[in-house]
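# Topology and contacts: notes
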Amino acid sequence: MTAQPRSPDVDALYNRLLVSRFADCFGFYHAVLPRLTGAALAKGGPDGPYANWDVDDRAVLALYDRALMAATLGTDRLPARPPAVQDSAMLVFRVADVDEALALCLRHGGTELVGPTDRPEWGPKLRSAHLRDPDGHLIELQSY
């Protein structure tokens, strides 16, 4: 299969998080994405139900209200969260300074899981930290 040329007006692939605490998550990502990725708010605001951040006119991350998506899919009678299970996905940000990036995230509502740790078994000079955003999504900060 040959890859099709991309239209300059289409984002090929990006992450859209479904969130229950839209305003809190908006505040978190609005504060940290510009410094961690250079992304700028392209659309939306703290009242939701949608917001997205772009780098060079390409979507990096979007938020959407979980209840509205559930209503669209007809799954609104199901629980919003499963019982305690292992994580199935995470956002990974490569940053220049893991300690500084973690401090930024914690100042804006993130919850630390594992502090900055050198991880030579993952790669030479790799350093990481893990946290959750205000809605509980797993985030890894890493430098190498």
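Relevant structure appears above.
This write-up is about the structure you can find in this document. None of these values were measured; they are calculated from a predicted model. (Residues numbered from 1 in each chain as written. Predicted model: local features only at pLDDT ≥ 70, side-chain atom pairs only at ≥ 80, totals over all residues. Heavy atoms only, no water.)

### Quick notes on the nonpolar core
Heads up, the rule is: Remark: nonpolar core denotes a set of buried residues (Ala, Val, Leu, Ile, Met, Phe, Trp, Tyr, Cys) joined through side-chain atoms within 4.5 Å. A 1.4 Å probe rolled over the protein chains alone gives each residue an accessible area, and that area as a share of the maximum for its type sets the label: buried under 20%, exposed over 50%, partly exposed in between. A run of H or I in DSSP becomes a helix once it reaches four residues, and a run of E becomes a strand once it reaches two; helices and strands are each numbered from the N terminus. Whether two residues are in contact is decided by their heavy atoms: any pair within 4.5 Å suffices.
Counting 27 residues, the largest nonpolar core has Tyr-29, Leu-36, Trp-53, Leu-63, Phe-93, Ile-139 and Leu-141 as its most contacted members. Mapped onto this core, the elements with two or more residues apiece are strand S1 (15-19), helix H1 (22-37), strand S3 (50-55), strand S4 (58-65), strand S5 (91-94), helix H3 (98-107), strand S7 (127-132) and strand S8 (138-143). At eight residues, H1 tops the list of elements feeding residues into this core. Sequence-distant contacts of Leu-36, that is, excluding residues within four places in its chain, are made with Phe-93, Arg-94, Val-95, Ala-101, Leu-104, Cys-105 and Leu-141.

### What about H3?
Owing to its 3.6 residues per turn, the α-helix aligns residues three or four sequence positions apart on the same side. What counts is decided by this rule: Throughout, the arc means the angular range of directions from the helix axis out to the C-beta atoms. N or O atoms closer than or at 3.5 Å make up a polar contact, with two conditions inside protein: a donor-capable atom paired with an acceptor-capable one, and, for residues adjacent in sequence, both atoms drawn from side chains.
The set of residues buried in H3 consists of Val-98, Ala-101, Leu-102, Leu-104 and Cys-105. Viewed along the axis of H3, the buried residues span an arc of 160°, placing them on a single side of the element. Where H3 is buried, its residues meet H1, strand S6 (111-118), S7 and S8. Near the N-terminus of H3, the side chain that reaches the backbone nitrogen of Asp-99, with its oxygen 3.0 Å away, is that of Asp-97. A positive backbone phi angle near 105° is found at Gly-109, which sits one or two residues after H3.

### Some points on the pattern of salt bridges
Worth spelling out the cut-off: Between Lys or Arg on one side and Asp or Glu on the other, a salt bridge is scored when a side-chain nitrogen of the former is within 4 Å of a carboxyl oxygen of the latter.
Scanning all chains against the criterion turns up seven salt bridges. Salt-bridge contacts for Asp-135 lead to Arg-66; the nearest nitrogen and oxygen are separated by 3.3 Å. Taken together, the residues span a long stretch of sequence, with Asp-135 in the loop between S7 and S8 and Arg-66 in helix H2 (residues 66-73) at a distance of 69 residues. Residue class for Arg-66 comes out buried when judged on its relative accessible area of 16%. On the basis of relative accessibility, which here comes to 7%, the residue Asp-135 falls in the buried class. Overlapping salt bridges bring together Arg-66, Arg-81 and Asp-135 as one network.

### Topic: the sheet that holds S3
Rule in force here: Pairing between strands is defined by DSSP: at least two bridges between the two strands are required. Axis lines are fitted to C-alpha atoms, over the contacting stretch for helices. Their N-to-C directions set the angle, which ranges from 0 to 180 degrees.
Reading across from one edge, S1-S4-S3-S2 is the order of the four strands in this open sheet, with mixed pairing throughout. The sheet is open, and its two borders are formed by S1 and strand S2 (40-44), each paired with just one other strand. Put simply, the sheet's adjacent strands are angled 20° from each other on average, direction ignored. As defined by bridge partners, S1 adjoins S4 across five bridges and the pair is classed as parallel. Paired with Val-19 across the strands is Asp-65, a residue of S4. The strands touched by H2 within the sheet are S1 and S4, with S4 carrying the most contacts at an inclination of about 80°.

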